[in-house]
Structure formats: structure tokens, C-alpha cells
Amino acid sequence: MKGKHRWVVSVVGVVAALSWAVGIFYPAGAKAAKEPYKVGAVFAVTGTASFLGEPEKKTAEMIAEEINAQGGINGHPLQLIIYDDESDATKSTLAVKKLIKTDQVPVIIGPTQSDASLAVAPIAEEAQVPLISCAASYKIVEPVSERRWIFKVAGSDKHVVGKMYDYMKAKGITKIGIMTASTGFGASGREELLRLAPEYGITVLADERYGPKDTDLTAQLTKMREAKVEAIVNWSVGPTQVLAVKGWRDLKMDNIPLFQSHGFGSRKNIELAGGAAEGVLLPLARVNVGPLLPDTQPQKKVILAYTQAYEKKYNEPVSSFGGHAWDALHLAVAALKAVGPDPAKIRDFLENTKGFVGQHGIFNFSPQDHNGLSKDDLEMVVVKNGDWALAPW
């Protein structure tokens, strides 16, 4: 197939070069008989969270190519307009405003990060344009009474913590220490770690925080050891999560199990840890472990199809984050196919979607739940021989 790509670099504000806008991909020899259906997207393609946003962008582009090669959405070409927020929440807000006011998209997917999603949610809400976030914090969609137009596809902090605590309980771990970054993602995770601990019979003996740009976590890890914790939970994204792993190994603390948040869900983090990540535990979406799933698992077919297509096209492994874009864009496309480019109808369609089989679970949205997932959509995973493996219970 010969794709016709139209790349637009736009300057948002005074000096910030924000974005690439991806044009319409037409199958060879096809003529556009109908107006395109637009989907806006905001991803952290560059900046500190690029390892999250880049696979999202690649995945979304791949899906757009596939859909248009098959004739589009009810004969309408899919026009995917992607902006790079450079891992900056302020630039995310500018990009979302541009998508709404200038590009006049009926639905937006992204942003990549929790901080950015929390910043743009009120904008989409006020404009009454449905937004499907690719970030994790439960605050993005709660309370639903204030987030009627906002949805998200990443599992919430409470689901990840619940799965993690289930595993700890099964292993007899009752005393833990937590280390969290001072970001929206870290703060949201910390709240859930503290809130849910009593419910699972877990006591938090140490509670340490650090900056997202810190370069040494020795002090925090040493306090974990001094508190005689039975396990450590680190909750962050970016370089600090790898820093935590290396520090844990360098301080010879590997006799104390180290748990990471789902933000660690990229094989690039294992590579960056340089062997230090062996034995690290974390709850992950099944998209990361498709080949390890039993054939009876209902998600396996779509996960393997995505995995094979992505790895063939880009020659790199899939991650949780590309899976976020897969879920968000396919949900948006399903809505466009069912109700057309009417924002209000798209919102209503999403809110009533049931049994959607995605990369991160089987989504069942409702007026009370704009995430549609549970802790049962996660697997406990361990780093073994430089890759993911299912953790033994």
C-alpha cells in the first residue's frame, strides 16, 4: 500500500513547536468520496515521557493506515491529527484547545501523562468534546459528575494497588515502604497505596517522596531498610523508576522485594536497568504478555494481532503505552462508526460501551465508571531473564 502522508509542524504560543499533524492515509488508487472523520490526539512524542508517547503515536498512525486501507469508517477516511506536547502539561492544554477550536475534532485521544490529562480535562469538559485519556490517575475521570466528557483506557491506580496488595497478601507480606515521585501520577498512586493498605492488612512503615528529576534515591532506599520493611513499592515514571531499581540492586537490598507501578511497563526500562531489574514485580496489562496467555483468554487474539503488526512495522516490542493508544483510538473509531462525528452522541456511545475487548482489558463503561476496568484486567508480572514473565502466586 502506498500511503499519502501530510505532515504539518505548527508553532503553539510564541516559541513552542508543538506538533506533527498526521494527514489522511488513502489506499492505493482510492478516491475520497466522503468527508473525512477527524480524531485529535495529544501524545508526549518528545521530552521526558517520550518513551511513553512515541509508541502511542506510532500505534495510532499504524491503526489509521490500516483503517484507511480498508476503506475508512463507513466510507469516510480517518483523519488523525496528532500534536506533540513535549511532555509538558501547559503545551498539552494549548494542543487540546487547538484541536477543539481550530481543527474542530469531535473526539480526542490522549494525553499521555496524568499531569497533562488532569490539566486538559476541564477544557474538554467545558467544550463538551469527549476525551479518552491514555493516563492512569483515577482523578482524570473522578468524580464522574464533573468528568462527564472524560474517559480513560489505562488501569486506575486503585486497580494496580489492589492487584499488588492481593499478591503481597498471598505471599504473607504485611509491612511495606513506599517511594513516590512528587508528580500527579506519583501523588495519585501514593494516595491509593495509603488508602487501601488497611483493607488488605498491610502497614506502611516508611513513606518517602522525591522529585521527578532527582538523580540519587539512596537516602530513600536506606530509610526503607532502616524501617525493616518486607517489601518496597516505587511509584513513578521516567528515569527515577530505573534509578530506584539500580539503587536497590547497588545497595544489595534485593532480599527485599521491589514492586514497581504499571508505569514501569516498557521493556526499555528493563534494558535501561542493565540487568538490575531481575526479580522486580509489577501489575501489568495483558498487552505486555500476550504470548504467555492461555488460548482461552479472550484478549489474546487482539493482543497477538497488535503485537505482530506493531513489531513487524517498527521492529521494536509493544508496551503498555502503545496499547493505550490502540484502545483509545479503536474506541473512538467504534463511536464514529456507530453514531458519526457528533460529540454528544460519541460521549453517550462511549459511556454505554460494554464488552469492548482491548489491549488493557475488557472495557465495561457506565455512567458511574468512565474507566471500565478492574484489577482483574491485570496480571502480576516479574522481570526474568531480561523480559516479562508471569509471577508465580
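Because the structure is a prediction, the values reported are computed rather than measured.

Conventions we followed
Residues numbered from 1 in each chain as written. Predicted model: local features only at pLDDT ≥ 70, side-chain atom pairs only at ≥ 80, totals over all residues. Heavy atoms only, no water. Helix = DSSP H or I, 4+ residues; strand = E, 2+ residues; numbered from the N terminus. Buried < 20%, exposed > 50% of the residue type's maximum accessible area, 1.4 Å probe, protein only. Contact = heavy atoms within 4.5 Å. Areas by Shrake-Rupley, 256 points an atom, 1.4 Å probe, with all protein chains shown as cover. Lys, Arg positive; Asp, Glu negative; His and termini not counted. Charge placed at Lys NZ, Arg CZ, Asp CG, Glu CD. Expected span 1.5 Å × (residues − 1). Bend = angle between axes of the 7 residues up to and from the residue. Pairing = 2+ DSSP bridges. Phe/Tyr/Trp six-rings, centres within 6.5 Å; stacked < 30°, edge-to-face > 60°. pLDDT = per-residue confidence, 0-100. Salt bridge = Lys/Arg side-chain N within 4 Å of Asp/Glu carboxyl O. Polar contact = N/O pair within 3.5 Å; in protein donor to acceptor, adjacent residues only side chain to side chain. Right-handed = clockwise from strand over helix to strand, strands pointing away.

Trainee: Outline the overall build of the protein chain, listing residues and values.
Mentor: Scanning the protein chain for helices and strands turns up eleven helices and 16 strands. C-alpha atoms of the protein chain, sized along the principal axes, occupy 70 × 45 × 40 Å. In the protein chain, buried positions account for 58% of the 393 residues. Sequence separation of at least 24 residues holds for 68% of the intrachain contacts in the protein chain that already meet a minimum separation of 6. Split by element, the accessible area of the protein chain, about 15600 Å² in all, is 52% carbon and sulfur. Looking at the protein chain, you have 44 positive and 43 negative side-chain charges, and the mean spots of the two groups are 3 Å apart.

Trainee: For helix α3 (residues 114–127), give the residues involved together with the corresponding values.
Mentor: Given a rise of 1.5 Å per residue, 14 residues ought to cover 20 Å, and the 20 Å separating the end C-alpha atoms of α3 matches this to within 8%. Along α3, the sharpest kink reaches roughly 35°, centred on V120 and followed within four residues by the proline P122. Those residues of α3 that fall on the buried side of the exposure criterion are S114, A116, S117, V120, A121, I123, A124 and E125.

Trainee: With reference to specific residues and values, describe the pairing of strand β15 (residues 378–384).
Mentor: Of all seven residues in β15, five are buried, a share of seventy percent or more. Of the pairings in the sheet, the one linking β15 to strand β16 (residues 387–390) comprises four bridges and is antiparallel in character. Counted as the bridge partner of V382 is A389 from β16. Taking the residues that link successive antiparallel strands as the turn, the β15-β16 hairpin has two residues, and the phi of N385 there is positive, at about 55°.

Trainee: Before we move on, could you go through the packing of aromatic side chains and cite the residues and values that matter?
Mentor: Following the criterion strictly, the structure yields twelve aromatic pairs and no others. For the pair Y167 and F259, a centre-to-centre distance of 6.2 Å together with 65° between the ring planes defines the contact as edge-to-face. Here Y167, found in helix α4 (residues 157–170), pairs with F259, found in strand β11 (residues 258–260); they are 92 residues apart in sequence, far enough to count as distant. Grouping residues by exposure puts Y167 and F259 together as buried.

Trainee: Would you mind going over unusual backbone geometry in detail, with residue names and values included?
Mentor: For the bond from G110 to P111, the omega torsion is 0°, close enough to zero to count as cis. Of note, P111 is situated in the loop between β5 (108–109) and α3. With an omega dihedral of -5°, the bond running from E142 to P143 counts as a cis peptide bond. Positionally, P143 belongs in the loop between β6 (131–133) and β7 (150–152).

Trainee: Just give me the short version of the confidence of the model for the protein chain, but keep the residues and values in it.
Mentor: Predicted confidence across the protein chain gives a mean pLDDT of 92, with 92% of residues reaching 70 or more. Of the regions scoring below 50 in pLDDT, residues 1–30 engages in 72 contacts with residues more than four places distant in sequence or in other chains.

Trainee: Quick rundown of the pattern of salt bridges? Include the residues and the values.
Mentor: With the rule as written, the count across this model stands at 17 salt bridges. Residue K57 is joined to E61 by a salt bridge in which the shortest nitrogen-to-oxygen separation is 3.1 Å. Pair noted here: K57 and E61 are both in helix α1 (residues 50–69), with a separation of four residues, about one helical turn. With relative accessibility at 13%, the residue K57 sits in the buried group. E379 is paired through a salt bridge with R286; the nearest N and O atoms lie 2.8 Å apart. Pair noted here: E379 is in strand β15 and R286 is in the loop between β12 (281–285) and α9 (300–314), with a separation of 93 residues, a long-range link.

Trainee: Go over the environment of Q297, please, and point to the residues and values.
Mentor: If you trace the backbone, Q297 turns up in the loop between β12 and α9. Residues Q297 and R286, spaced eleven residues apart in sequence, show a C-alpha to C-alpha distance of 9.9 Å. In terms of polar contacts, Q297 uses its side chain to reach the backbone amide nitrogen of Q299, at 2.7 Å.

Trainee: Describe α1, listing the residues and the values that go with them.
Mentor: Between its first and last C-alpha, α1 extends 28 Å over 20 residues, near the 28 Å set by a 1.5 Å rise per residue. Counting buried residues in α1 gives 16 out of 20 residues, a clear majority hidden from the surface. Note on α1: the residue one or two positions beyond its end, G71, has a positive phi of about 105°.

Trainee: Residues and numbers for the side chain of T240, please.
Mentor: Assignment of secondary structure puts T240 in helix α7 (residues 239–250). Residue contacts for T240: discarding those within four places in its chain leaves Y210, G211, P212, D214, L217 and N234.

Trainee: Residues and numbers for the pairing of strand β8 (residues 175–181), please.
Mentor: Burial analysis of β8 places six of its seven residues in the buried class, the great majority of the element. Two elements, β8 and strand β9 (residues 203–210), share seven bridges in a ladder whose sense is parallel. In the strand pairing of β9, G177 is matched with A206. Handedness of the β8-helix α5 (residues 184–196)-β9 crossover: right-handed. Here β8 pairs with strand β10 (residues 231–235) via five bridges, running parallel.

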